[in-house]
Amino acid sequence: EILVQRVEQPTLVRLSENPRISVGDFPTLAAQAAALNRVAALLEKAHAPRDRVLTEEELSRHFAASGTAPEEYYFGHNYRGADLARFFAQLSRQGLPRRPEEVRVEAWLAEMRRQEPEGEVALVTVARAGPGLDEAARAAILRHEIAHGFYFVDPVFAGYVRRTWSERFTPEEREAFRRFLSAEGYDVSIEDLVVNEMLAYLLFTEDSRFFRPEMVGLDEASVERLRALLRPGVPEALRPLMVPPPAVLPAGR
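Since the model is a prediction, treat every value here as computed from it, not as a measurement. (Residues numbered from 1 in each chain as written. Predicted model: local features only at pLDDT ≥ 70, side-chain atom pairs only at ≥ 80, totals over all residues. Heavy atoms only, no water.)

### A word on the packing of aromatic side chains
What counts, and what does not: Geometry of aromatic contacts follows a simple scheme: Phe, Tyr and Trp rings, the Trp one being its six-membered ring, pair when their centres are within 6.5 Å, and the pair is stacked under 30 degrees between planes, edge-to-face over 60, tilted otherwise. Only protein chains enter the area calculation, which uses a 1.4 Å probe; residues under 20% of their type maximum are buried, those over 50% are exposed, and those in between are partly exposed. Put simply, DSSP H or I for four residues or longer makes a helix, DSSP E for two residues or longer makes a strand, and each gets a number counted from the N terminus. Comment: the charge-over-ring label is applied if NZ (Lys) or CZ (Arg) is within 6 Å of the ring centre and within 35 degrees of the ring normal.
Scanning the entire structure with this criterion turns up 13 aromatic pairs. Both rings, one in Trp-165 and one in Phe-169, keep their centres 5.4 Å apart while their planes meet at 50 degrees; by these two values the pair is tilted. The same class applies to Trp-165 as to Phe-169, namely buried. Between the aromatic rings of Phe-180 and Tyr-201, the centroid separation amounts to 5.0 Å while the plane-to-plane angle is 85 degrees, which identifies the pairing as edge-to-face. With Phe-180 in helix 7 (residues 171-183) and Tyr-201 in helix 8 (residues 191-204), this pair connects stretches of sequence that are 21 residues apart. The pair Phe-180 / Tyr-201 is uniform in exposure class, with both members buried. Taken together, Trp-165, Phe-169, Phe-177, Phe-180, Tyr-201 and Phe-211 form an aromatic cluster joined through their ring pairs. Between Lys-45 and the ring centre of Tyr-186, over which it is positioned, the NZ or CZ distance is 5.9 Å.

Structure below.
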């Protein structure tokens, strides 16, 4: 239902499979960027400060230095409610004005908290297909972002993923993912971010434009072994979005 939406204005919907997760659907990549790029810079992007929100001038310099267009900073976003609250509190401490698009996100967060007053909530976002984003990419990004949402709000699932990462991935495999994520612009000193992104890329990103084994420096067999380690801990409601296991041919074929 989300994928077939064609919104004209930013729209928030709750995910029926897990109402603690809300999906922000934006009419364009530019609208999504205006709402959430400063959040991304504060919380998880490399070469940006973790202790303060960038001013508009600083953000412009950040994009110029990275060679990244604002609308391509992320094709989708995902944040815990607590981290969004930290962003808005930091804006207030610094006395920085909120962008109109950020005001909308703050209102979304208040509504999410009203609907789910206990426990964590998560906001994940996607943009409408258009220039720079085709329908297949929109679908891949939405699946990827929803996986992040489950990680944020389901502590049993997140614990399983973290244990699998630390106890069953080899040091070389963990380092391979850190290199990949560093190249993608993530701050890989944040271990929880690395684990969550590993999960979403490895098990919930089937589009080869966004993830292929060679991007991580691993072969197909190694990637399938890691996927097999993670699949048993995936919540039932999230299982339909997983990358399917490889087909097994009948004996003798």
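### Side note on the environment of Thr-170
Inspection of the secondary structure puts Thr-170 in the loop between helix 6 (155-168) and helix 7. With relative accessibility at 29%, the residue Thr-170 sits in the partly exposed group. Considering only alpha carbons, one finds Thr-170 and Tyr-151, 19 residues apart in sequence, at a separation of 22 Å.

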